[in-house]
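# Summary of structural features
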Amino acid sequence: MAAKISKYFILTALFFFLIGCIEGVMFPTKFQFKAFYTTLFHVPSDQIKPFFSYFVTKIHTHVNLIGWLSSAVMGVLYFIVPQISGVERYNRWLAYGNWGGHTLGLLLVIAGFHLIGIFGLSSGFTAGSPEFRSVAAPYRMLVSAGGILITISAVLFICNMLMSLLGEPHSPLSGERKEHIENMKTSGWFSLLSKAQRAWFYGTLAVMLAIIAFGMLMDASGGKKKPLSPFSVGMSIKQIAPSLKVTGKALARELGLPLNVPKNKKLAGLNVQPETLDQAVHHLLSHRGSTLKYYVYAALVLGGLVFLARLGRPDFSDIKQRKSWYPRTPYIVSLLVSVVVAGFLLGKSPNPMEGVVKVFKSMVGLYPDPAAKVMAFVFFMALAIAGNKLVCGWACPFGAFQELIYSIPVLKRIKQKKLAFALTNTIRVLVFIVMLMLLFGVIGRRRGFVIYHYINPFNLFNMDIESISVALAILFSLLGSFLFYRPFCQFICPFGLVSWMAERLSIFRVRIHKDRCTQCGACIQACPLGAAKGRVQDTILPADCFSCGRCLNVCPFDAIQYGPVFKKLQ
């Protein structure tokens, strides 16, 4: 393993070293070959100098430091550390995730800086101006996503290094264990799939791509968004709200005014400061997400559903091969797509959490189109019911981020201690009740206050940490994920609560064959929550099941399956 991953990193380092050399040659020749670079990068000839000064310089620095230098150092350390410690305890998937995240992250950063320079400077605005930043905003998300991937990759690298530096040498393998390892090498999961299952695999992949492609076409068919006219405190709420596609009440709430404030009165007369108006407009615009995200959610849920119900367990495989069932790779890929694409690339909206909240906000007049908000909520609930909380477990970007952190194989002893569901769900219910009472004015006697706005971790995907409380919510959730399973989902998320109540209606779910179950506890130990325990013991209110699949390949009696409720267990 050490030699293989070292080779990958060193080859990557050589690739980026070549890129760095090419860009190094471009600097002194930018004026001699101005016409060529103008054609190559589609930048106006008079903008070649700022293009190189502002953007190619940044790319050159990242390629050299993160590209060839960091890649080379990681490759060398992967090879040397086992020789120093006397033991190689690398986790295979952490190593591949480290290499893939590092490489893909840097490519996204490079692409982002190039696109910012090309489209920003082509717009005619001065680099760094508000107008330039507005044009470059979509491409800055590429840079942000790349930076996140590189950071995650660094964490994976550190974990792998520590496992080898601090680990103890392996005990000699028994004959049985050697035979099992050899069988796993020659009989991987995909090689065990039947022809019918492979047809399902390729067909599902094609349908998922078709769904996303159709979503891109539908999103593009809406045309470019019209630029908003500049707003000022010399205007009234009635003049501004329609341009933001919100009601006057919603804008009043964002401005910190009572919902029944006169809507025709100028904002200056209501003592609204320009800074307050700018912040309110910025926050409201951050909720105008891309419709493409709905298609991404649908595609990820479809992929998860087919994997769990049809592909995870190869046809005709023996119970002795159960360790090769339901491999983690497809799940991890889905989580990464969710975080990178549905999160950082497409922004925070729409998401399942706001799907619930906006329905109640519509009830107090904060949105002009309550039917649209209800339809969005129905969409997310349909995905949660089709497969038990699949939209939470496989598609929600912040849930996926927490899942990826929890999956890092560190602090395993602490993770074995699970939080009591009675405690976490009680807190989640109380937060939801307080939200409703504040929103409808039962507490505070001022309608329209939404407590979730102040603890909304999805702001991370817009790089919009607008308050200390939001920053704390993000830190609590992500750092807590090293110790506990999806803390934000357990303690706070309103959609997590509503979808938990709807689990009784889910069509596809984890099912237990009572005649085969001996209550050995294997599934209970594998489950990161109390979901498996509740189902084995027929608890009236079991904990959330996120369809993570951890319990599906551990039962020695083949008593656990994932399938539809209308089909008899085999």
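Check the entry above for the structure.
Below is a short write-up of the structure. All figures in this text were calculated on a predicted structure; none of them were measured in a lab. (Residues numbered from 1 in each chain as written. Predicted model: local features only at pLDDT ≥ 70, side-chain atom pairs only at ≥ 80, totals over all residues. Heavy atoms only, no water.)

## Brief notes about the overall build of the chain
Along its length, the chain carries 24 helices and 2 strands. Compactness check: the chain gives a C-alpha radius of gyration of 26 Å against a globular reference of 25 Å for 570 residues, within 12% of the reference. When its C-alpha atoms are laid out on the principal axes, the chain stretches across 80 × 70 × 45 Å. Counting only residues that meet the buried cut, the chain has 48% of its 570 residues in that class. (Helix = DSSP H or I, 4+ residues; strand = E, 2+ residues; numbered from the N terminus. Rg over C-alpha atoms; globule rule 2.2 N^0.38 Å. Buried < 20%, exposed > 50% of the residue type's maximum accessible area, 1.4 Å probe, protein only.)

## Focus on the nonpolar core
Counting residues in each nonpolar core, the largest one holds 116 residues, and the members touching the most others are Leu 255, Leu 267, Val 391, Phe 401, Tyr 452 and Phe 495. In terms of residue count, helix α12 (residues 292–311) provides more of this core than any other element does, 10 residues in total. (Core = buried A, V, L, I, M, F, W, Y, C linked by side-chain atoms within 4.5 Å.)

## Quick notes on the side chain of Ser 164
Within the secondary structure layout, Ser 164 lies in helix α5 (residues 130–166). Setting aside its immediate chain neighbours within four residues, Ser 164 contacts Val 81, Ser 85, Val 87, Glu 88, Arg 89 and Tyr 90. (Contact = heavy atoms within 4.5 Å.)

## Things to note about the packing of helix α14 (residues 352–363) against helix α22 (residues 494–501)
It is the contact of α14 with α22, at a shortest axis distance of 7 Å, that shows an interaxial angle of 85°. With respect to their mutual orientation, α14 and α22 come out roughly perpendicular. Contact residues: α14 offers Pro 352, Met 353, Val 356 and Val 357, while α22 offers Pro 494, Phe 495 and Val 498. A per-class count over the contact of α14 with α22 returns 7 nonpolar, no polar and no charged. (Axes fitted to C-alpha atoms, helices over the stretch in contact; angles between N-to-C directions. Parallel < 35°, antiparallel > 145°, perpendicular 65-115°, else oblique. Nonpolar A, V, L, I, M, F, W, Y, C, P; charged D, E, K, R; others polar.)

## Brief notes about the environment of Pro 409
Looking at where Pro 409 falls in the secondary structure, it is placed in the loop between α17 (397–407) and α18 (412–415). Between the C-alpha atom of Pro 409 and that of Leu 267, which follows or precedes it by 142 residues, the distance is 54 Å. Apart from residues lying up to four places away in sequence, Pro 409 is in contact with Asn 91, Leu 94 and Met 163.

## Here's the deal with the packing of α14 against helix α15 (residues 370–386)
Two elements in contact, α14 and α15, have axes separated by 8 Å at closest approach and are oriented at 150°. For the pair α14 and α15, the crossing hand works out as left-handed. Across from Pro 352, Gly 355, Val 356, Lys 358, Val 359 and Ser 362 in α14, the residues of α15 making contact are Pro 370, Lys 373, Val 374, Phe 377 and Phe 380. Here the contact of α14 with α15 is composed, by residue class, of 7 nonpolar, 2 polar and 2 charged. (Left-handed = near helix turned anticlockwise from the far one by under 90°.)

## Remarks on α15
In this model, α15 (17 residues) spans 24 Å end to end at C-alpha, consistent with the 24 Å of a helix rising 1.5 Å per residue. Among the structural elements, α12, α14, α16 (390–395) and α22 are those in contact with the buried residues of α15. (Expected span 1.5 Å × (residues − 1).)

## Remarks on the pairing of strand β1 (residues 508–512)
The element β1 is largely enclosed, with a buried count of 4 among its 5 residues. Relative to strand β2 (residues 560–564), β1 runs antiparallel, the two being bridged by 5 bridges. Directly across from Arg 511, in β2, lies its bridge partner Gln 561. (Pairing = 2+ DSSP bridges.)

## Observations concerning a nonpolar patch on the surface
A surface patch of nonpolar side chains, about 490 Å² in accessible area, is lined by Phe 17, Leu 65, Trp 68, Leu 69, Val 73 and Leu 77. Relative to the elements of secondary structure, Leu 77 occurs in helix α3 (residues 48–85). (Patch = residues over 30% accessible without salt bridge, like charges linked within 9 Å, V, L, I, M, F, W, Y side chains within 5 Å. Areas by Shrake-Rupley, 256 points an atom, 1.4 Å probe, with all protein chains shown as cover. Salt bridge = Lys/Arg side-chain N within 4 Å of Asp/Glu carboxyl O.)

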